[in-house]
Amino acid sequence: MRQVDHFIHGGAGAAGTRFADIMDPNNGGVQAQVVLGDQSVLDAAVAAAQAAQPAWAAMNPQRRARVMFDFKALIEKHMDELAHMLSAEHGKVIADSKGDIQRGLEVVEFCCGLPHVLKGEYTHGAGPGIDVWSMRQPLGIGAGITPFNFPAMIPLWMGAVATSVGNAFILKPSERDPSVPNRLAELFLEAGMPAGIFQVVHGDKEMVDAILDHPAISAVSFVGSSDIAHYVYNRGVAAGKRVQAMGGAKNHGIVMPDADLDQVVNDLTGAAFGSAGERCMALPVVVPVGDDTAERLKAKLIPAIEALRVGISTDADAHYGPVVTAQHKAKVEGWIQTCVDEGGELVVDGRGFKLQGHEEGYFIGPTLFDHVTTDMESYKEEIFGPVLQMVRAANFEEALALPSKHQYGNGVAIFTRNGHAAREFAARVNVGMVGINVPIPVPVAYHSFGGWKRSGFGDTDQYGMEGIKFWTKVKKITARWPDGSPDGTNAFIIPTMG
Ligand code: NAD
């Protein structure tokens, strides 16, 4: 059976004794195994990072940028191969896998311009003969711990920024789809990055704890579910590290009475069900304002949902594929039952969906609930599946309060033709990323990504200037060069030979 190994110092590293199964979401069953590392594996990666990082940091930034340019070209060259590898382990359709890779690639493109963003500030003559300037320096060795749902994009959010500014970076990807991260490490090497600068260690909680406690690791970037994010944040900070930890989400889409409902339905079917709802920026809650809006929206949504095609990840006509594992399928279907038990009106039921020829695959049909209320556990918690819950609001203020008061604050969207309503909403909503007639408002790579409340612990966001800030420290230099001429005339003393 295929085995996924660590990628340490430019090659497959260290044999293992513990393994995790990598499932085949399209067909069920085990397709490969990934090795689960321990402290000794991490120590080997740290030693390789320590040996390689000083020379990498000392290299001029244009040369590091050239590696990023070459890496970008290699990802483009291998796009199809990477997308198929990703879909086979994650289950998302090929178009979504390409999107996953593309959004990571855009962060690599941002990193090609790093010589510009690393420039410090300078003040000439801050006092008599005194100049002050600042420079951004790398932290040394950083680590990233990533979730299963974007196995290309999220490692690149962290790894491209961390390495381009001169750090060595150790990635601990999700054990559910670990092959693409290894392939990215190979491509970094091929692009000219020295061995030891981008490494991959695989593992579970044991490896995560080893990273959080390792004295040579200065910073940890985490993306995953909120309870683990909170744990990682607390333990990493207690160990004296810089930590950013992005968590779960429950994003709302507010539909004002004047919204273009055909556009909303089109956006919702993609944002709620695309990638089987396994996106932290999915829209699993829709909030129509007014019962009339709710009825009109529901009438258009039902046929659109029923027309969605669920298929295997290589089916080019499928809107979405299976969820990642049998356990996750059971969890999502459990939430559907909870919502029924809590009094939600089940309008479209996706449970029990079987795809002909792939009966053992982890498929769930699209599911729609109406009359979901804020006291329901199924509303409060993240479901992370192809389930859309409709929560009706009587007016704008009630709609604004829903995402603002929710425990998560990752993304939110408002659909309206009214600029004033949109402007008020964007200014007042208590959520980190806002879309105005944009269902999935993931900021482009030269802005930054990050949610609020239980969706993000720590001060800095991912990528863009926030990412540069996270992965560097600022040194401030104050220099004084008094007049050195003996008679104080400012005449320069030219040293003479002999
Ligand atoms: P997860 O929290 O189960 O796993 C994330 C990482 O933590 C993995 O590398 C995993 O190996 C590790 N981990 C798991 N259990 C651990 C434990 N007990 N102790 C230490 N480490 C542990 O998340 P997931 O299921 O892989 O990903 C889905 C979650 O990620 C969802 O909640 C989703 O909303 C969230 N997510 C958030 C963002 C964001 O930017 N806010 C982006 C993508 C995904």
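This text goes with the structure placed above it.
Residues numbered from 1 in each chain as written. Predicted model: local features only at pLDDT ≥ 70, side-chain atom pairs only at ≥ 80, totals over all residues. Heavy atoms only, no water.

## What to know about the overall build of the protein chain
- The helix and strand tally for the protein chain stands at 16 helices and 23 strands.
- Taking 498 residues into account, the globule formula puts the C-alpha radius of gyration at 23 Å, and the protein chain, at 25 Å, falls close to it.
- Taking the principal axes of the C-alpha coordinates as reference, the protein chain spans close to 95 × 60 × 40 Å.
- Considering the protein chain as a whole, with its 498 residues, one finds that 58% of them fall into the buried category.
- Partitioning the intrachain contacts of the protein chain with sequence separation of at least 6 by distance along the chain shows that 73% fall at a separation of at least 24.
- Carbon together with sulfur atoms contributes 54% to the accessible area of the protein chain, which is approximately 20000 Å² in total.
- For the protein chain, the distance from the average site of its 42 positive side-chain charges to the average site of its 56 negative ones is 5 Å. (Helix = DSSP H or I, 4+ residues; strand = E, 2+ residues; numbered from the N terminus. Rg over C-alpha atoms; globule rule 2.2 N^0.38 Å. Buried < 20%, exposed > 50% of the residue type's maximum accessible area, 1.4 Å probe, protein only. Contact = heavy atoms within 4.5 Å. Areas by Shrake-Rupley, 256 points an atom, 1.4 Å probe, with all protein chains shown as cover. Lys, Arg positive; Asp, Glu negative; His and termini not counted. Charge placed at Lys NZ, Arg CZ, Asp CG, Glu CD.)

## Examining the packing of helix α6 (residues 153-164) against helix α16 (residues 464-471)
- Following both chains from N to C, one finds α6 and α16 inclined at 60°, their axes separated by 9 Å at the closest point. For the element pair α6 / α16, the angle class is oblique. Considering the relative orientation of α6 and α16, their crossing is right-handed. Each of Met158, Val161 and Ala162 in α6 lies in contact with α16, whose residues at this interface are Gly467, Ile468 and Trp471. (Axes fitted to C-alpha atoms, helices over the stretch in contact; angles between N-to-C directions. Parallel < 35°, antiparallel > 145°, perpendicular 65-115°, else oblique. Left-handed = near helix turned anticlockwise from the far one by under 90°.)

## Observations regarding the site of the ligand
- As a matter of local geometry, the ligand sits amid 29 residues, with Lys172, Glu175, Ser225, Gly247 and Glu382 nearest to it.
- Measuring from an oxygen atom of the ligand, one finds a backbone N or O atom of Gly224 at 3.3 Å.
- Burial of the ligand by the protein amounts to 89% of the accessible area it has alone, namely 840 Å².
- The pocket occupied by the ligand, as judged from atoms lying within 2 Å of grid points, is the largest pocket.
- Elements represented by at least two residues in the shell around the ligand include exactly α6, α8 (205-213) and β11 (219-223).
- Residues belonging to the shell around the ligand are distributed by class as follows: 15 nonpolar, nine polar and five charged. (Near = heavy atom within 4 Å. Polar contact = N/O pair within 3.5 Å; in protein donor to acceptor, adjacent residues only side chain to side chain. 1 Å grid on protein atoms, 1.4 Å probe; cavity = no way out; pocket = protein on both sides within 12 Å on 5 of 7 lines; lining within 4 Å. Sits in = over half its atoms within 2 Å of the grid points. Nonpolar A, V, L, I, M, F, W, Y, C, P; charged D, E, K, R; others polar.)

## Description of the sheet that holds strand β23 (residues 472-480)
- An order of β6-β7-β23 is seen for the three strands of this open sheet, with the pairing classed as antiparallel. This sheet does not close on itself; its edge strands, each paired only once, are β6 (122-127) and β23. This sheet shows a mean twist of 30° between the axes of neighbouring strands, independent of strand direction.
- Of the strand pairs in this sheet, β6 and strand β7 (residues 130-138) are connected by three bridges, and their pairing is antiparallel. Counted as the bridge partner of Gly127 is Ile130 from β7. (Pairing = 2+ DSSP bridges.)

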